[in-house]
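An overview of the molecular structure
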Amino acid sequence: MPMTTPSLLILPGDGIGPEVMAEVRRVIDWFGANRGLTFEVSEDLVGGAAYDAHGTPLTDATMAKAQSADAVLLGAVGGPKYDVLDFSVKPERGLLRLRKEMDLFANLRPAQCFDALADFSSLKKDVVSGLDIMIVRELTSGIYFGEPRGIFTEGNERVGVNTQRYTESEIARVARAAFELARKRSNKVCSMEKANVMESGVLWREVVSEIGAAEYPDVALSHMYADAGAMQLCRWPKQFDVIVTDNLFGDLLSDAAAMLTGSLGMLPSASLGAPMENGRPKALYEPVHGSAPDIAGQGKANPIACVLSFAMALRYSFDAGDEADRLEAAVGRVLADGVRTADLILPNDGGAPVSTGEMGDAILGALDSSL
Ligand code: IPM
Ligand code: MG
């Protein structure tokens, strides 16, 4: 790591974002105080919070800060209050602009089942226990960004249009990201598209196959239609290691995969782009869950997904894989001790949930005992 203190831009956002991020800040401080890992931390607004203050979900100034930060950590964006806004200023546009302008094309969404939560999955315990898969979702193209898009008038009715579009190079770079990850795991990639109905899927399959054969002959590559993939994820998820897929299918498949592990409140993600001058990838880390407006401000939210997103930052941006392991182990320990936020208690289970802050306390306690 270079000698200068790395910079971390924190964007708590909306809903439960600020509450879960407050716990992450305590974790960040812990690493500074106990492991000599210090960051130049700054905080700014995104999403509805930025709209309320500035009339836009992401100001140019915040965009510029994100571009120059060594890593960005985001909470969540959105809420019912903003549903009435024009599309161009909706909270989600702030997040999409960050992804697009930072060119964060590879979105890593691990779905890992903590032993202590295996009973909690809606699937049978032996189907999920030990589960550890990685979904690599393309994040800067496809139907999320393709043109033309809009609501147009044709004759006497309106028509809503979005366009799925992928260039060869966009497919190739996310495929490489998936193959590289597979080499550090079980050397297995499954690519998912709908080549049976979509030309973009045909091209996707061709390009992934070409890159695999030419550059990663050591990695076992398979293909699946995304609908069958969704079915297989529920049937026997442990058949997968790395899954690579497009932006929209990745959005759906990662929510499904997340739920296999028990709760959406558990899963982190890393969105990575090309390396910067200092060798670090452009990077944004965020929980897979949303802003959960129904429980916002009540201290009920599970901060683990956001805490684990910081662990991914330690691993992928700051070369501190050992410290990421330490943090993940601390979370595992807290769960093993039976500490549960409300999302980790089934309705017919009983038991009192801890608050967001108490979960933070427990994680810090487990970090202390890791020393
Ligand atoms: C996600 C979310 C976002 C997406 C929304 C908030 C724009 O669902 O990160 O999965 O659709 O990509
Ligand atoms: Mg989603």
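Residues numbered from 1 in each chain as written. Chains lettered and ligands numbered in written order. Predicted model: local features only at pLDDT ≥ 70, side-chain atom pairs only at ≥ 80, totals over all residues. Heavy atoms only, no water.

Lining the immediate surroundings of ligand 1 are Glu92, Arg99, Arg109, Arg137, Tyr144 and Asp251. One of the side-chain N or O atoms of Arg99 is found 2.7 Å from an oxygen atom in ligand 1. Taking 320 Å² as the accessible area of ligand 1 by itself, protein coverage stands at 77%. Its residues assigned to classes, the shell around ligand 1 comprises 1 nonpolar, no polar and 5 charged. (Near = heavy atom within 4 Å. Polar contact = N/O pair within 3.5 Å; in protein donor to acceptor, adjacent residues only side chain to side chain. Areas by Shrake-Rupley, 256 points an atom, 1.4 Å probe, with all protein chains shown as cover. Nonpolar A, V, L, I, M, F, W, Y, C, P; charged D, E, K, R; others polar.)

Attention shifts here to the domain arrangement of the protein. According to the domain assignment, the protein consists of domain 1 (1–108 + 268–371) and domain 2 (132–260). Between the C-alpha centres of domain 1 and domain 2 the distance comes to 25 Å. Between domain 1 and domain 2, the contact holds 14 residues from the first and 15 residues from the second. Taking both sides of the interface into account, the surface hidden between domain 1 and domain 2 amounts to around 1400 Å²; carbon and sulfur atoms contribute 63%. One can count 1 salt bridge joining domain 1 with domain 2. The shortest N-O distance in the salt bridge between Arg173 and Asp103 comes to 2.9 Å. Where domain 1 touches domain 2, the interface holds 4 residue pairs in polar contact (both at pLDDT 80 or more). Among the elements of the structure, helix H4 (91–101) and strand E4 (106–112) are those that each provide at least two residues to the side of domain 1 that touches domain 2. With 4 residues, H4 is the single largest residue contributor to the side of domain 1 that touches domain 2. (Domains from an automatic or database assignment. Contact = heavy atoms within 4.5 Å. Buried area = accessible area lost by both parts, 1.4 Å probe. Salt bridge = Lys/Arg side-chain N within 4 Å of Asp/Glu carboxyl O. Helix = DSSP H or I, 4+ residues; strand = E, 2+ residues; numbered from the N terminus.)

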